[in-house]
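Here is how the chains run, residue by residue.
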Amino acid sequence: IPYRAMAGVEATAVEGEPAGGSVVSITPVTLDVPNVILRLREPVELTGLFGIRKAATEVRLYVDEPRALVDHLKKHLVPAHIGLGASVQVQASA
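Residues numbered from 1 in each chain as written. Predicted model: local features only at pLDDT ≥ 70, side-chain atom pairs only at ≥ 80, totals over all residues. Heavy atoms only, no water.

Caption draft 1: Here's a closer look at the environment of Met6. Here Met6 shows up in strand β1 (residues 6–11). Since its relative accessible area comes to 0%, Met6 is described here as buried. (Helix = DSSP H or I, 4+ residues; strand = E, 2+ residues; numbered from the N terminus. Buried < 20%, exposed > 50% of the residue type's maximum accessible area, 1.4 Å probe, protein only.)

Have a look at this one:
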């Protein structure tokens, strides 16, 4: 996901299934509760298991150190009016 595509990021526990089809949850075990939410400016196509593609405007992740990830990403968020930026690789598992 390109940094420029990210509108915001926050560390939080998100219980329950997402309402709507444009949210992708990425957790190592289905019982894990996502603890980072990545909000995207517009739909980004993600590739999951078996090459299944899905467009998402929100990505929910479970990571071991959510605060460290959020702090890192916030340093690299690109203002909406700036074009190109670096990107982060996220492999969707669901």
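Caption draft 2: Representation of a nonpolar patch on the surface. There is a patch of nonpolar side chains on the surface, built from Leu49, Phe50 and Ile52 and spanning about 390 Å² of accessible area. If you trace the backbone, Phe50 turns up in the loop between β3 (36–47) and β4 (53–61). Overall, Phe50 belongs to the exposed group, its relative accessible area being 80%. (Patch = residues over 30% accessible without salt bridge, like charges linked within 9 Å, V, L, I, M, F, W, Y side chains within 5 Å. Areas by Shrake-Rupley, 256 points an atom, 1.4 Å probe, with all protein chains shown as cover. Salt bridge = Lys/Arg side-chain N within 4 Å of Asp/Glu carboxyl O.)

Caption draft 3: Representation of the nonpolar core in the model. Core analysis: the largest hydrophobic core is formed by 18 residues, its most contacted members being Ile1, Met6, Leu38, Leu40, Leu46 and Val59. For this core, the secondary-structure elements that each account for two or more residues are β1, β2 (23–26), β3, β4 and α1 (66–76). A per-element tally of this core places β3 first, with five residues. Ignoring anything within four residues of it in the chain, the contact list for Leu40 reads Ile1, Ala5, Met6, Ala7, Ala56, Thr57, Glu58 and Val59. (Core = buried A, V, L, I, M, F, W, Y, C linked by side-chain atoms within 4.5 Å. Contact = heavy atoms within 4.5 Å.)

Caption draft 4: Looking closely at the sheet that holds β4. The mixed open sheet is built from four strands, whose spatial order is β1-β3-β4-β2. If you trace the sheet from one side to the other, it starts and ends with β1 and β2, each paired once. In this sheet, adjacent strand axes meet at a mean angle of 40 degrees when their direction is disregarded. Two strands pair when backbone bridges link them, and β3 and β4 are joined in this way by eight bridges, in the antiparallel orientation. Among the inter-strand pairings, Arg39 is bridged to a residue of β4, identified as Glu58. Each of β1, β3 and β4 is contacted by α1, which is oriented at about 155 degrees to β1, the strand it contacts most. (Pairing = 2+ DSSP bridges. Axes fitted to C-alpha atoms, helices over the stretch in contact; angles between N-to-C directions.)

Caption draft 5: Structural view of the side chain of Glu58. Structurally, the position occupied by Glu58 is in strand β4. We classify Glu58 as buried; its relative accessible area is 13%. The contacts of Glu58, once residues within four sequence positions are left out, are Ser22, Val23, Val24, Ile37, Leu38, Arg39 and Leu40.

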